[in-house]
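Okay, here's what each chain looks like letter by letter:
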Amino acid sequence: MTKTHYKLTLLPMVMMIFSTVYGFANVPRAFLMMGYGAIFWYILAALAFFLPFAVMMAEFGYTYKNEHGGIYSWAKASVGTRFAFIIIFMWYTSFITLLVTTSSIIWVPVAKVLEMVNTGGLTPLIESLHNNSALIGVLAILLVSVVATSLACGLRSVSWVANVGGFCVLLLNVLLILGGLLVLVLNKFHFAEPITGLQSFIVNPYKTNSILSMVGFAVFAIFAYGGLEVVSGLVDKVENPEKTFPRGLLLAAFVIAAGYSIMIFIVGIFTNWLGVMDQSDVNLGNVVYIVMGELGAQLGVAVGLDQDGALILSRIFAGITGLSMVMVYTAVYFTCFYSPLKQVIEGTPKELWPAFMLKRKNDMPVGALMVQAVVIILIIAFNAFGGAGAKELMNRLVMMANVAMTLPYVFIAVAYFAFRRNTQIEKPFLILKSNTQAMVMAIVTMLFVGFANLFTIFEPLLSALQAKDTQGIATGINYMLLMISGPVIFALLGYVLYQVSLKRR
């Protein structure tokens, strides 16, 4: 009797995309940085990057629906094997760094949940979750162990966690929408953050809006849409991929792009920028909890609660947000732990990997999963218990991985350009029927993302030069070299591994 492997249907796939790409925290972060002005830049990033990228992923995914390698398979068929391997290796190594950092970040929302129910006895634990690197390291190692073990049992665990994570994202959005609209009605349609004209939706009126700051936010908006290629590598795990895969990709893309803009607008209903955002203790790390706490407080005031009641409701909203963010981070972690590794192991030449890494069970690459888990655990342990020098090295690795994670988007667009030009490739599903339109779209995406990466590399140096800050110039040069070295080193490692594989064939 043939064993039937679990397949993703439309809803689990959309939920997986939603929980992987859509970052609820990006909404309050965007409002902190640009106010209503963030809406314009998010729409621009969606039109110039996210929606075109979704089109590319849908066409690639459908054409190579029987392939296992995702990015590698697409680039290999369109450009060549060496090009494809270097891209996917650069992309994959950056995810190792992401998995290491996320395993520590996830405990911040856990602390927020504990704060909601804390009556005093949990205060030491809450403080430890914020600043005790040893405890955070142990918990991070435990998380990696649980995730790796769960994945070894089959894809169903990824789907289940993705569904829960997607539901939590939807819950936060529903809470924000309904709560914000209720506050608007009860306050007789008075906006906490006033709209002063069209410029309110382009710039932040409370900040100096230089070219550097606006371009910097455009880069932030692009990165807010990152991650679609992670789920795109699971096309062979989708039920009826010829229908489900492109439909799920495009549906999720439109919902995410619209969701960001609508949510940012609603934040302004109950959040006054000068009264809430312009405080010294508000930062990109905690702003999501501050905004949702503000929603609870403003809702409490609007329904007639006294000050103590409003504060209690504020803590409840912040706690719900923390609990939801724990599940969202967990869902992202499961997907990012499996999908990039799957694309590397199942798509690339088998000669590259030792036999034990190719071991499979429950239709999963269990050997590679365990090796990856061990590597991540060793890095976490080194960072948690290695002292100040280890932390500095980890910070440098994170900086090196920043550009390495998004630069492959440019190369994917290059591969798509070649894919559309190559008349020898059978293309059974094309969203854009015109090759000219498709190639123009690819070029625009290449330029937009390429410029975003260049700006990310040079922005600190440009800002220091503009301010004539000698110390800042030195720091900017160091930052620039680290950012450039990441993709260069990862690409060279990929090239060496590829050359080694040629000798084994």
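It should be noted that the structure appears before, not after, this text.
Scope of this entry: the structure provided in the associated data block. From a predicted model like this one, the values you see are computed outputs, not experimental measurements. (Residues numbered from 1 in each chain as written. Predicted model: local features only at pLDDT ≥ 70, side-chain atom pairs only at ≥ 80, totals over all residues. Heavy atoms only, no water.)

**What about the overall build of the chain?**
And step 1. Secondary structure summary: the chain contains 19 helices and zero strands in total.
And step 2. Relative to the compact-globule value of 23 Å for 505 residues, the chain shows a C-alpha radius of gyration of 23 Å, a close match.
And step 3. Oriented by its inertia axes, the alpha-carbon framework of the chain measures out at about 75 × 60 × 55 Å.
And step 4. Excluding contacts between residues fewer than 6 apart, the proportion of contacts in the chain whose partners are at least 24 apart in sequence is 81%.
And step 5. Accessible area of the chain: about 21,500 Å², with a carbon and sulfur share of 68%.
And step 6. Side-chain charges in the chain split into 29 positive and 21 negative, and the spacing between the mean points of these groups amounts to 13 Å. (Helix = DSSP H or I, 4+ residues; strand = E, 2+ residues; numbered from the N terminus. Rg over C-alpha atoms; globule rule 2.2 N^0.38 Å. Contact = heavy atoms within 4.5 Å. Areas by Shrake-Rupley, 256 points an atom, 1.4 Å probe, with all protein chains shown as cover. Lys, Arg positive; Asp, Glu negative; His and termini not counted. Charge placed at Lys NZ, Arg CZ, Asp CG, Glu CD.)

**Some points on helix α18 (residues 435-467)**
And step 1. Look at α18: 46 Å from first C-alpha to last across 33 residues, which is about the 48 Å you get at 1.5 Å a residue.
And step 2. A bend of about 55° at F458 is the largest found in α18, and the proline P460 appears one to four places after it.
And step 3. Looking at where α18 begins, the residue whose side-chain oxygen comes 3.3 Å from the main-chain nitrogen of T436 is S434. (Expected span 1.5 Å × (residues − 1). Bend = angle between axes of the 7 residues up to and from the residue. Polar contact = N/O pair within 3.5 Å; in protein donor to acceptor, adjacent residues only side chain to side chain.)

**Some thoughts on unusual backbone geometry**
And step 1. Of note, the phi angle at K188 is positive, near 55°, even though the residue is not glycine.
And step 2. Locating K188 in the fold gives a position in the loop between α9 (156-186) and α10 (211-224).
And step 3. Note on K188: relative accessible area 74%, which makes it exposed.
And step 4. The backbone of F189 sits at a positive phi, close to 60°, despite the residue not being glycine. (Buried < 20%, exposed > 50% of the residue type's maximum accessible area, 1.4 Å probe, protein only.)

**Overview of the side chain of S261**
And step 1. The residue S261 is located in helix α12 (residues 241-270) in this model.
And step 2. Beyond its immediate chain neighbours, meaning those up to four positions away, S261 contacts I39, Y42 and I43.

**Quick notes on the pattern of salt bridges**
And step 1. Enumeration according to the criterion identifies two salt bridges in this entry.
And step 2. Two residues, E59 and R420, come together in a salt bridge whose shortest N-O distance is 3.0 Å. Residue E59 is found in helix α3 (residues 38-63), and its partner R420 is found in helix α17 (residues 387-421); the two are separated by 361 residues along the sequence. Note on accessibility: E59 and R420 belong to one class, buried.
And step 3. One salt bridge in this structure joins D363 and R360, with 3.2 Å as the shortest N-O distance.
And step 4. Looking at D363, the relative accessible area reads 24%, which means it is partly exposed.
And step 5. For R360, a relative accessible area of 39% corresponds to the partly exposed category. (Salt bridge = Lys/Arg side-chain N within 4 Å of Asp/Glu carboxyl O.)

**Details of a nonpolar patch on the surface**
And step 1. Together, L454, F458, L462, L465, I484, V488 and L492 make up an exposed nonpolar region whose accessible area comes to about 580 Å².
And step 2. Looking at the nonpolar patch, the elements that each hand over two or more residues are α18 and α19 (470-504).
And step 3. With four residues, the top contributor of residues to the nonpolar patch is α18.
And step 4. Tracing the backbone shows L462 in helix α18. (Patch = residues over 30% accessible without salt bridge, like charges linked within 9 Å, V, L, I, M, F, W, Y side chains within 5 Å.)

**Side note on helix α14 (residues 287-302)**
Residues spaced three or four apart along an α-helix face the same direction, because each turn holds 3.6 residues.
And step 1. Over its 16 residues, α14 extends 22 Å from the first C-alpha to the last, a length consistent with the 22 Å expected when each residue adds 1.5 Å.
And step 2. Within α14, 13 of the 16 residues are buried, which leaves the element mostly enclosed by the surrounding structure.
And step 3. At the C-terminal side of α14, G304 shows a positive phi close to 100°.

**A short note on the nonpolar core**
And step 1. Grouped together as the largest cluster of nonpolar side chains are 168 residues, with contacts concentrated most on Y42, Y225, I256 and F337.
And step 2. If one sorts the elements of this core by residue count, α3 sits on top with 17 residues. (Core = buried A, V, L, I, M, F, W, Y, C linked by side-chain atoms within 4.5 Å.)

**Let's talk about the packing of aromatic side chains**
And step 1. As enumerated under the stated definition, the model contains 28 aromatic pairs in all.
And step 2. Aromatic pair F50 and Y225: ring centres 4.7 Å apart, planes at 20°, arrangement stacked. Pair noted here: F50 is in helix α3 and Y225 is in the loop between α10 and α11 (228-232), with a separation of 175 residues, a long-range link.
And step 3. By relative accessible area, which is 0% here, F50 ends up buried. (Phe/Tyr/Trp six-rings, centres within 6.5 Å; stacked < 30°, edge-to-face > 60°.)

**Notes on the packing of helix α15 (residues 307-347) against helix α16 (residues 366-385)**
And step 1. Running from N to C, α15 and α16 point in directions that differ by 120°, and their axes come no closer than 10 Å. Looking at the two axes, α15 sits oblique to α16. As for the relative orientation of α15 and α16, their crossing is right-handed in sense. In this structure, α15 contributes Y333, F337, L341 and I345 to the contact, and α16 contributes A368, L369, Q372, A373 and I376. (Axes fitted to C-alpha atoms, helices over the stretch in contact; angles between N-to-C directions. Parallel < 35°, antiparallel > 145°, perpendicular 65-115°, else oblique. Left-handed = near helix turned anticlockwise from the far one by under 90°.)

**As for the environment of L198**
And step 1. Within the element layout of this structure, L198 appears in the loop between α9 and α10.
And step 2. It is 34 Å that separates the C-alpha atoms of L198 and I320, two residues lying 122 residues apart in sequence.

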